[in-house]
Amino acid sequence: MGTINCLWTIIVLGHWIINSIWCQSLPAATEIDCITGSSLETLTEAEGYRGDVEGINLVSVVSTLDLQSTSCPVCLSFLELRQNVGTASATVRTKKPLDAEELKGTGSLSYSIICRDSRVQYDRIVTVTDVNEYAPEFDKDLYLANVSEYAPWRTIVTQVRAVDKDATPAHSTVLYSIEPPTDTFHIGGVGHIYLEKLLDSSVTTVYELNVKAQDPQGKSSNTTVKIVVLVRPGPYFQHNYYNASIAENEVMPNLAVYPAPVQAYNGDTASAENFTIHYSIHTVSPSEYSEAFEINKATGAIGVKTELDQEKSSAVQLVLRASYELYPHKIADVQLVVEVENVNEAPVFSLSLYTSNIVTTVPLHYHVVTVKATDPDVGESEMLQYSLVEPSSMFAVEPSSGLVYVVSDIHSGTETLKIKATDPHGLYATTVVQVTIKDSSNVVQISINKPFDTVEDKVREIEEALGRALGFNVTIVRVASSSSGSTVVTFIATETSGNIVSPEDVKNDLEEKKETVQKELQEVFGSDTDFEIVDDGGTESNASIIAIVLGIVIPMTVIAAIIAGVFGVRRKRQPDTNRRKSEMSIEYPPKF
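Every chain's residues receive numbers from 1 upward, in the order its sequence appears when written. Note on the predicted model: pLDDT of at least 70 is required for a residue's local features to be given, and 80 or more for side-chain atom pairs to be given and counted; whole-chain, interface and lining totals, by contrast, use all residues. To get the side-chain values, all heavy atoms of the structure are used, and hydrogens and water are removed first.

When accessible area is computed with a 1.4 Å probe and restricted to protein chains, residues below 20% of their type maximum are described as buried, those above 50% as exposed, and intermediate ones as partly exposed. The numbering of helices and of strands both runs from the N terminus, where a helix is a DSSP run of H or I of at least 4 residues and a strand a run of E of at least 2. Listing the buried residues of helix H5 (residues 503–512) in full gives Pro 503, Val 506, Lys 507, Asp 509 and Leu 510. Along the long axis of H5, the arc covered by the buried residues comes to 160°, so they all point the same way. Turned more than 90 degrees from where H5 packs its buried face, Glu 504, Glu 511 and Glu 512 sit exposed. Elements in contact with the buried residues of H5: strand E35 (444–448), helix H4 (459–470), strand E37 (487–494), helix H6 (514–525) and strand E38 (531–534). Relevant arc is that of directions from the helix axis to the C-beta atoms, nothing else. By the convention used here, residues are in contact when the closest approach between their heavy atoms is within 4.5 Å.

Structural data, given as structure tokens:
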């Protein structure tokens, strides 16, 4: 009997051990005796499973079984117990697929099998593994939000919300992002959209963001967030126009501006923020004065750094700008016109030293040089009066033109003249004229077998031709017609150093290089051109020569009388405008 009891004990214990070990996959096979209860908790199955959960075998006794779940009422909606009456077997099976989301509170399926007669209970727990079935879903397809353009950094503009229906955080955690990324906005872990930088309504007033919600396994969905920037008033100036005046050639660190000092105000009176206003110069016209002005960034005070010139511009137009320090795109512009007042300024000569070289035989009123001064004051250059600072016995200056001319016999040497240009208000400038007078005995004359007017038109070409042939610098001082119909050319030859070549050396070169000289002259006048050297005084014996002196500033009748007196040659005034060209002579200002 003791042996039997021992065996029974072993059998019961074995049943208990067997029933205490749950198979790792459904359905589980169990045995119960309605005497000793058991608890099994080791089964795990993925959601979506449908079929048998537990196959039960009754040992030693046949009893009616019941299915209960006191701790999980919803669990019974998934399970049912099937038992044929009077049999020793039963089956627990699903009524619908296992769903981890519906069992989200527990994450498991718990139930009990109860023997109706003995009330012995067998507890069961099936862990339902969550499967990533769902993508996050936004609660809206479109989010709308407004934000002030003055909103500070890190302001929360709006919040989006997406939910993943999966049961466990491994599948239901939502990660937010803005696609594509933007440097203006940032989205946080709970869907808050923040300002990443200050807004600029001049760039755009509407932002459309594509926001993405994604679970850890990559399932995702998208929504649109439309953000409208509420434009706020910017600064404004107290007046619509400002003006000022300054005398030319002055600088002024604080320019007086009318009708009031430049000042701008905060235009957003509804805002509690006290905006700091900065001032700047936006444009300057004429642009050459861009660096002439400055503005105090904090106060708007205008300064003139460099002198202005009324003669160049009688007014300068500036566009002043006011902007908020934190929001530089919020601006206001206003015009400031600065009138430049004229101040009388002294004339200025184009050169501080003028030089001229002439010979002693030039006639009275011979044009030596013209000095030229300009007056910075508009319209006054033509009103300047020229005069000699100290009188000269040989030279004078024409008051309105600045032409310096000969007034008496001159002798070789150097004469220095100081000339003054005076404006209508008495301001003046001075310059120096240095006249070098050379002996006229150094001139050479040649006769060219061409008419006077033909030769006279080719003076510069003759100089160049003779210069190439002789190897000297040639300056023609006179062209005169002769009674024979040829034209006499009087010239001076100088070396590159400026020294005058003696007439004898020039004549010798003309003889030795006659063929070369003739070819050069033929290049100027044609192949039938010939020339002869004229002896001293050769042209002075010719009769009836009328002189026309370049640069003359007195009537032709006076010139004729002067020339006749200087050269001792009888001149006859010809009133007939059709007088023969063969009776003409022209003096040229010599150049050295």
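Turning our eyes to something else, we now look at H4. Under the convention used throughout, the expected extent of a helix is 1.5 Å for every residue step, that is, one less than its residue count. With 12 residues, H4 extends 16 Å from end C-alpha to end C-alpha; this agrees with the ideal 16 Å at 1.5 Å per step. Residues of H4 that are buried: Val 459, Ile 462, Glu 463, Ala 465, Leu 466, Gly 467, Ala 469 and Leu 470.

Reading across from one edge, E27-E34-E33-E30 is the order of the four strands in this open sheet, with mixed pairing throughout. In this open sheet, the two strands that pair with only one neighbour each are strand E27 (353–359) and strand E30 (385–388). On average, adjacent strands in this sheet sit at an angle of 30° to one another, irrespective of strand direction. Two elements, strand E33 (residues 413–422) and strand E34 (residues 428–438), share 10 bridges in a ladder whose sense is antiparallel. Residue pairing in the sheet places Thr 414 in a bridge with Thr 436 of E34. A pair of strands is treated as paired once DSSP finds two or more bridges between them. For helices, the fitted axis covers only the stretch in contact; all axes are lines through C-alpha atoms, and the angles between them, taken along N-to-C directions, range from 0 to 180 degrees.

We now examine the state of the cysteines. Our working definition of a disulfide is a cysteine sulfur pair at a distance within 2.5 Å. Tallied over the entire structure, the rule returns two disulfides. In this model Cys 34 forms its disulfide with Cys 115; the gap between the sulfur atoms is 2.1 Å. Where Cys 34 bonds to Cys 115 through sulfur, the torsion about that S-S bond is close to -80°, and the disulfide is left-handed. Of this pair, Cys 34 sits in the loop between strand E1 (28–32) and strand E2 (38–46) while Cys 115 sits in strand E7 (residues 108–115), and the two are 81 residues apart along the sequence.

Before going further, it helps to examine the nonpolar core. Only buried Ala, Val, Leu, Ile, Met, Phe, Trp, Tyr and Cys residues count toward a nonpolar core, and they belong to the same one when joined by side-chain atoms within 4.5 Å. With 31 residues, the main nonpolar core has Phe 237, Phe 293, Leu 308 and Leu 336 as its most contacted residues. Sequence-distant contacts of Leu 308, defined by excluding residues within four places in its chain, comprise Ile 246, Glu 248, Asn 249, Glu 250, Tyr 289, Ala 292, Phe 293, Val 316 and Val 340.

Bringing the packing of aromatic side chains into the picture now. Each Phe, Tyr or Trp ring, with Trp reduced to its six-membered ring, pairs with another whose centre is within 6.5 Å; inter-plane angles below 30 degrees give stacked pairs, above 60 give edge-to-face pairs, and intermediate values give tilted ones. The final tally for this structure, using the stated rule, is 12 aromatic pairs. Each ring, one from Phe 138 and one from Tyr 176, has its centre 6.3 Å from the other, and the planes form 50°; the classification is tilted. On the criterion of sequence distance, the pair formed by Phe 138 in strand E9 (residues 137–138) and Tyr 176 in strand E13 (residues 175–178) is long-range, its members being 38 residues apart. Pair check on accessibility: Phe 138 and Tyr 176 agree, each one buried. The interplanar angle of 50° and the centroid separation of 6.5 Å between the aromatic rings of Phe 237 and Tyr 279 together place this pair among those described as tilted. Taken together, the residues Phe 237 in strand E18 (residues 236–237) and Tyr 279 in strand E21 (residues 277–285) connect sequence positions 42 residues apart. A residue is classified by how much of its surface remains accessible, and Phe 237, at 8% relative accessible area, is buried. Within the aromatic cluster, the residues linked to one another by ring pairs are Tyr 150, Phe 275, Tyr 324 and Tyr 327. A cation over a ring is seen here: Lys 96 above Phe 78, with NZ or CZ 4.6 Å from the ring centre. Here, over-ring charges are defined by two tests on the NZ atom of lysine or the CZ atom of arginine: distance to the ring centre within 6 Å, and angle to the ring normal within 35 degrees. For the cation-ring pair, Arg 154 lies above Trp 153, with the distance from its terminal atom to the ring centre recorded as 5.6 Å.

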